[in-house]
Amino acid sequence: MSEDRMIKVEEVASVEAPPKARVADVETAPEKLERKRDYLEGFLAAKPAAVDPHNVGGDLYEAVVNALKDIYDPEIPVNIYDLGLIYNVEIDEGHAVVTMTLTTPHCPVAESMPAEVELRVGAVPGVGDAEVNLVWDPPWSPDNMSDEARLELGML
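Presented here is an overview of the structure given in this document. (Residues numbered from 1 in each chain as written. Predicted model: local features only at pLDDT ≥ 70, side-chain atom pairs only at ≥ 80, totals over all residues. Heavy atoms only, no water.)

Re the overall build of the chain
And then number 1: Along its length, the chain carries four helices and three strands.
And then number 2: Each helix and strand of the chain, placed in order from N terminus to C terminus, yields the pattern α-α-β-β-α-β-α.
And then number 3: Partitioning the contacts of the chain with sequence separation of at least 6, the portion at a separation of at least 24 is 55%.
And then number 4: Accessible surface computed for the chain: about 11900 Å², of which carbon and sulfur atoms make up 54%. (Helix = DSSP H or I, 4+ residues; strand = E, 2+ residues; numbered from the N terminus. Contact = heavy atoms within 4.5 Å. Areas by Shrake-Rupley, 256 points an atom, 1.4 Å probe, with all protein chains shown as cover.)

A word on the pattern of salt bridges
And then number 1: The tally for this structure, following the rule as stated, stands at one salt bridge.
And then number 2: A salt bridge links Glu 116 to Arg 120; the nearest nitrogen and oxygen atoms lie 3.3 Å apart. Placement of the pair is Glu 116 and Arg 120 together in helix α3 (residues 113–122), with a separation of four residues, close to one helical turn.
And then number 3: Classification of Glu 116 by relative accessible area gives partly exposed; the value is 29%.
And then number 4: Relative accessible area serves as the criterion here: at 34%, Arg 120 is assigned to the partly exposed category. (Salt bridge = Lys/Arg side-chain N within 4 Å of Asp/Glu carboxyl O. Buried < 20%, exposed > 50% of the residue type's maximum accessible area, 1.4 Å probe, protein only.)

Things to note about the nonpolar core
And then number 1: In this structure, Val 64, Leu 68, Ile 80, Met 113, Val 117 and Val 121 are the most contacted members of the largest nonpolar core, which totals 30 residues.
And then number 2: Of all the secondary-structure elements, those providing two or more residues to this core are α2 (59–69), β1 (86–92), β2 (95–100), α3 and β3 (129–134).
And then number 3: For Val 121, the residues in contact, after removing those within four places along its chain, are Val 64, Leu 68, Ala 96, Val 98, Val 127 and Ala 130. (Core = buried A, V, L, I, M, F, W, Y, C linked by side-chain atoms within 4.5 Å.)

Details of the environment of Gly 128
And then number 1: Following the sequence through the fold, Gly 128 ends up in the loop between α3 and β3.
And then number 2: Assessed through its relative accessible area of 63%, Gly 128 is described here as exposed.

As for the sheet that holds β1
And then number 1: The strand order across the open sheet built from three strands is β1-β2-β3, with neighbouring strands paired in mixed fashion. Pairing within the sheet leaves two strands with one partner each, and these edge strands are β1 and β3. The sheet shows a mean angle of 15 degrees between the axes of neighbouring strands, direction not considered.
And then number 2: In this structure, β1 lies alongside β2, joined through six bridges in antiparallel fashion. Pairing of Glu 90 across the sheet is with Val 97, part of β2. (Pairing = 2+ DSSP bridges. Axes fitted to C-alpha atoms, helices over the stretch in contact; angles between N-to-C directions.)

Let's talk about the side chain of Thr 101
And then number 1: Among the structural elements, Thr 101 can be located in the loop between β2 and α3.
And then number 2: Of the residues examined, Thr 101 reaches a relative accessible area of 0% and is grouped as buried.
And then number 3: A distance of 2.8 Å separates the side chain of Thr 101 from the backbone oxygen of Val 135, its partner in a polar contact.
And then number 4: What Thr 101 contacts, discounting residues up to four positions off in sequence, is Leu 85, Tyr 87, Leu 134, Val 135, Trp 136 and Trp 140. (Polar contact = N/O pair within 3.5 Å; in protein donor to acceptor, adjacent residues only side chain to side chain.)

Regarding α3
And then number 1: By the burial criterion, the buried members of α3 are Met 113, Pro 114, Val 117 and Val 121. Taken around the axis of α3, the buried residues stretch over an arc of 100 degrees, which confines them to a single face.
And then number 2: Turning to α3, the residues buried within the fold contact α2, β2 and β3. (Arc of directions from axis to C-beta.)

This is the structure in structure tokens:
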């Protein structure tokens, strides 16, 4: 066996103890607590940023979405939001703009549904006026539906 692969054993009678830590100045209890508080500050989770009530997650936005979830397609027992007919909701200083579609351009409620959406969204406290943009591109497909809607319709 070569020397670089040999294990060498050395017996030691004693080991010198490492020096003990010493506190140079005596700290009072409040100073110790203050230091701990500062020490922990960087490790605590940052406070969440304030949520704009007009954007996703905000109270006004959620109220508008809930109003949309109260509107049901007359032919399908699912609300229009979970059905995937709502493409976008924007709220700016009390003005709500809803971009939506219908299942087909020949939908029997093509004339009444946008008006109902406008009325319901406009009735949400905090919304001054509502506007509905009815679009056909991209066309609606069953892929737009939420899992809840698919479950309701027996598609899951």
